[in-house]
Amino acid sequence: MSTNTQLPEAGEGLSPELIEAQRVETVIERVSDDRMVVNMGPQHPSTHGVLRMVVTLDGERVVKVDPVLGYLHRGMEKLAEVKTYNQYIPWTDRWDYLANLQNNVAFAMTVEKMMDLEVPVRARRLRLLACELARISAHLVFLGTHAIDIGALSVFFWGYREREKLLSFFEMICGARITTSYTRIGGVMRDLPPGMEDALKIFLREFPKSLDEVETMLTRNKIWMERTKEVGAISSEQAVSLGITGPILRATGVEYDVRKAFPYLDYDEFDFDVPVGSVGDVYDRYLVRVEEMRQSCRICLQLLDKLEPGPIEADDGKVVLPSKERVLSRMEDLIHQFMIVTEGPVAPAGEVYQAIEGSKGELGLYLVSEGLGRAYRMRIRGPSFVNMGCLAPMGEGGLVADLVAIVASLDPVLGEVDR
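Note that this is a predicted model, so its numbers are computed, not measured.

### Concerning the confidence of the model for the chain
Mean pLDDT over the chain works out to 88, with 92% of the residues at or above the 70 mark. Within the model, pLDDT remains below 50 along residues 1–8, and this stretch shows 13 contacts once partners closer than five positions in the same chain are excluded.

### A look at the environment of Met53
On the secondary structure map, Met53 appears in strand β2 (residues 52–58). In the structure, Met53 is positioned 15 residues away from Val68 in sequence and 5.8 Å away in space, judged by C-alpha atoms. With sequence-adjacent residues up to four places away left out, Met53 is seen in contact with Val38, Asn39, Met40, Thr47, Val65, Asp66, Pro67, Leu391, Leu403 and Val407.

### Notes on the sheet that holds β2
Read from one edge to the other, the open sheet built from 3 strands follows the order β1-β2-β3, with strand pairing classed as antiparallel. Strands at the two margins of the open sheet, each flanked by one partner only, are β1 (36–40) and β3 (61–68). The sheet shows a mean angle of 25 degrees between the axes of neighbouring strands, taken without regard to direction. In the sheet, β2 pairs with β3 via 7 bridges, with the strands oriented antiparallel. In the sheet register, Val54 faces β3, and the bridge partner there is Asp66.

### A closer look at the nonpolar core
Ranked by internal contacts, the top residues of the largest apolar core, which has 88 residues, are Tyr85, Tyr88 and Met378. When neighbours within four sequence positions are excluded, Tyr85 is seen to be in contact with Phe107, Val111, Met115, Ile185, Pro345, Ala347, Leu367, Ser369, Leu372, Gly373, Arg374 and Ala375. Met40, Leu249, Leu403 and Val404 belong to the second-largest nonpolar core, a separate cluster that totals 25 residues.

Parameters and conventions
Residues numbered from 1 in each chain as written. Predicted model: local features only at pLDDT ≥ 70, side-chain atom pairs only at ≥ 80, totals over all residues. Heavy atoms only, no water. pLDDT = per-residue confidence, 0-100. Contact = heavy atoms within 4.5 Å. Helix = DSSP H or I, 4+ residues; strand = E, 2+ residues; numbered from the N terminus. Pairing = 2+ DSSP bridges. Axes fitted to C-alpha atoms, helices over the stretch in contact; angles between N-to-C directions. Core = buried A, V, L, I, M, F, W, Y, C linked by side-chain atoms within 4.5 Å. Buried < 20%, exposed > 50% of the residue type's maximum accessible area, 1.4 Å probe, protein only.

As structure tokens, then:
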């Protein structure tokens, strides 16, 4: 077979499926007889979703990794053009579906930045609380799935035991455990129910003991260390050049956190540390995330001590739905309600970029408005998508078993990768 097969250009009339098939065929032709090309995913459990990797192997050694994305594309950015701002909030739950509350907050903050709308203090604090609880919840899924990929089954059950408690708190504040849709443009959908603050404080004080249990099992475990130390290492220079953010970047020693670099939601009023690593390997990424959960508990406890009564929505009748009493008694409020529900709160023409520190890294939204109640264009900077760029340099040269550990340490959510 010829080794000089030329792939057709995309504009030559061939379907994308045929072009992809020829590309993979060409990869197979170009490898020597003692190498093998295999597919990991999109059904493989260790790919953490519908991720496909075309892996070139020399025995057990990984020669090349070619991630193939796009199996979960749902047109999330295009949908923003046909939904009003409040109507679009439920779709944000489907990006990183392990940290839904963070997505809700990021989108609402972007629209409010376009409107130059000030959100009340209590609403900001409730959003901050939601973001940190979502960070803990997402990291617990990482911890459990990462451990089970390497063979530590008990940690999976311990992590989900604690996450179950968090999901109960999510249900208390918004009525849902996964599809939260908690924010509204101008505030949040509801206040904390009676008794939740005290119950949450008890959880936040007890939760670090569960992390101690996990660390006793893993952190100095010889098998865990051999499977994670000096595996999938990446330098800080490589990480920065690839645009990597979040725990993966901080594991290389770069102390970049959006909460510190560009404070939002009053993060600058709370005392917390940004954990960093030094080697940038799978082991450091594990340690960084465990410490981040401890710091999130620290932030939430400070916040609950400072949480004062107050409004949870902005005082703007053209953005926030008026109370039922005012709708039934004042014509102006009835008109405002009708306009908000049918056409959405209107944002002035312009463009903005807003970023938050998501559980996977910098979650950013670029929004363009034409002065209507919906976006003209919106683009999502999903950290999981950007972080997938380091999969090849991390995986090439290692073993197949190391590749499983590396993917788990990236903690990708394919709903955020493909959108």
